[in-house]
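Spelled out from the first residue to the last, the chains are:
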Amino acid sequence: MSTSGLRVAGGVGKKVVKKGAEKAAYQGIQFLKSYGQHILKNPMIVNSIVEKGGVKSTDVVLEIGPGTGNLTMRLLETAKKVIAVEFDPRMVLELQRRVQGTPHAANLNIISGDFLKVELPYFDVCIANVPYQISSPLIFKLLAHRPMFRAATLMFQREFAMRLCVPAGDPLYCRLSVNTQLLARTTHLLKVGKNNFRPPPKVDSSVVRIEPRHPGVPVNFKEWDGLVRLCFGRKNKTLGGIFRTKTVMELLEVNYKTYRALQLNNGKGVSAGLTGGGQKMQGAATMGMKKTKKGGQQTG
């Protein structure tokens, strides 16, 4: 409970405010932090994002998490069409209300649902103030989309954004850095202070440009990611130390024997999956995994 003074006849009374009641609202809409709803309210930042995104008048733009539509309306003024993916039904209704009766209404297509689960249509560029909780899977879903888009201009929490862009050797360089830069070129565009949002988040944000590499790298990404997970799984160990651990050595030996058996038995290589005796090839994604006491798995 919190109290504040209220001037009344005869003295100062106490106004009681319940915890959780002080939620930010916009025209009666309460923003939910559980959905990562921090609405960008500064029109200068909105204009800068659209300009740096290189949006053309012929472009189909994908926007993720449009919220109340501040960025959406600016995109509709610039692009041929905007496809907005929104999870919160309240925000879908607010966005529909905002464009109703305007010349841009016919150019907005709203997809109501979870971005990570919906099937994405064709788009040229992606511009978004990203819901921070889904930042990492969102990037890799975009980079896996075909046909490939031209570029994505996305806003993330500042530290996450810097991890996308830092070079090898930087203290922030991590598995996310390696995987993103394998598939795309990343550029930091601008820093956005937390006071430019309603309600303000706890940390500052940054806008990053992501351009998919053409042509793409011919690699099994699931296997590659498993290998990178191994390499970055133990910060205080060298690569030599990691690959000399008993668990990793055993898995490498099993995989090599399985690989050789597949070559000899059917000539189909590792893609065959099973040997004649039912031995399954263990991918890099399973390396470094060990059983917990309850029989599950955890990263070693």
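Residues numbered from 1 in each chain as written. Predicted model: local features only at pLDDT ≥ 70, side-chain atom pairs only at ≥ 80, totals over all residues. Heavy atoms only, no water.

Q: Could you give me a rundown of the packing of helix α1 (residues 43-52) against helix α2 (residues 70-78), with the residues and numbers involved?
A: It is the contact of α1 with α2, at a shortest axis distance of 10 Å, that shows an interaxial angle of 45 degrees. Viewed along their axes, α1 and α2 adopt a mutual orientation that is oblique. The hand of the α1/α2 crossing is right-handed. Taking contact as the criterion, the partners of V46, N47, I49 and V50 in α1 are, on α2, N70, L71, R74, L75 and T78. Looking at the contact of α1 with α2 residue by residue, the classes come out as 5 nonpolar, 3 polar and 1 charged. (Axes fitted to C-alpha atoms, helices over the stretch in contact; angles between N-to-C directions. Helix = DSSP H or I, 4+ residues; strand = E, 2+ residues; numbered from the N terminus. Parallel < 35°, antiparallel > 145°, perpendicular 65-115°, else oblique. Left-handed = near helix turned anticlockwise from the far one by under 90°. Contact = heavy atoms within 4.5 Å. Nonpolar A, V, L, I, M, F, W, Y, C, P; charged D, E, K, R; others polar.)

Q: Before we move on, can you summarise the sheet that holds strand β7 (residues 81-86) with the specific residues and values?
A: In spatial order, the strands read β8-β7-β6-β9-β10-β13-β11; together these 7 strands make up an open sheet with mixed pairing. In the strand order of this sheet, the two ends are held by β8 (108-112) and β11 (184-192), each with one partner. Averaged over all adjacent pairs, the angle separating strand axes in this sheet is 20 degrees, with direction ignored. With 2 bridges joining them, strand β6 (residues 60-64) and strand β9 (residues 125-129) adopt parallel strand pairing. (Pairing = 2+ DSSP bridges.)

Q: How would you summarise the packing of aromatic side chains if you had to cite specific residues and measurements?
A: Scanning all chains against the criterion turns up 4 aromatic pairs. Taking the centre distance of 5.3 Å and the plane angle of 25 degrees together, the rings of F123 and F149 count as stacked. A residue pair is termed long-range when its members are at least 10 positions apart, and F123 in the loop between β8 and β9 and F149 in the loop between α4 (135-144) and β10 (151-157) qualify at 26 residues. Against the face of F115 rests K141, its NZ or CZ located 5.1 Å from the ring centre. (Phe/Tyr/Trp six-rings, centres within 6.5 Å; stacked < 30°, edge-to-face > 60°. Lys NZ or Arg CZ within 6 Å of the ring centre and 35° of its normal.)

Q: Just give me the short version of the pairing of β10, but keep the residues and values in it.
A: β10 sits mainly inside the fold: 6 of its 7 residues count as buried. Summarising the sheet, β9 and β10 pair through 5 bridges and their orientation is parallel. Bridge assignment links V125 to a residue of β10, and that residue is A151. Note that the unit made of β9, α4 and β10 has a crossover that is right-handed. (Buried < 20%, exposed > 50% of the residue type's maximum accessible area, 1.4 Å probe, protein only. Right-handed = clockwise from strand over helix to strand, strands pointing away.)

Q: Break down the packing of helix α5 (residues 158-165) against helix α6 (residues 175-183) for me, with residues and values.
A: Contact geometry for α5 and α6: axes closest at 7 Å, N-to-C directions at 55 degrees. With respect to their mutual orientation, α5 and α6 come out oblique. Read as a crossing pair, α5 and α6 show a hand that is right-handed. Facing α5, whose interface residues are F160, R163, L164 and C165, α6 presents L176, S177, T180 and Q181. Of the residues assigned to the contact of α5 with α6, the class counts are 4 nonpolar, 3 polar and 1 charged.

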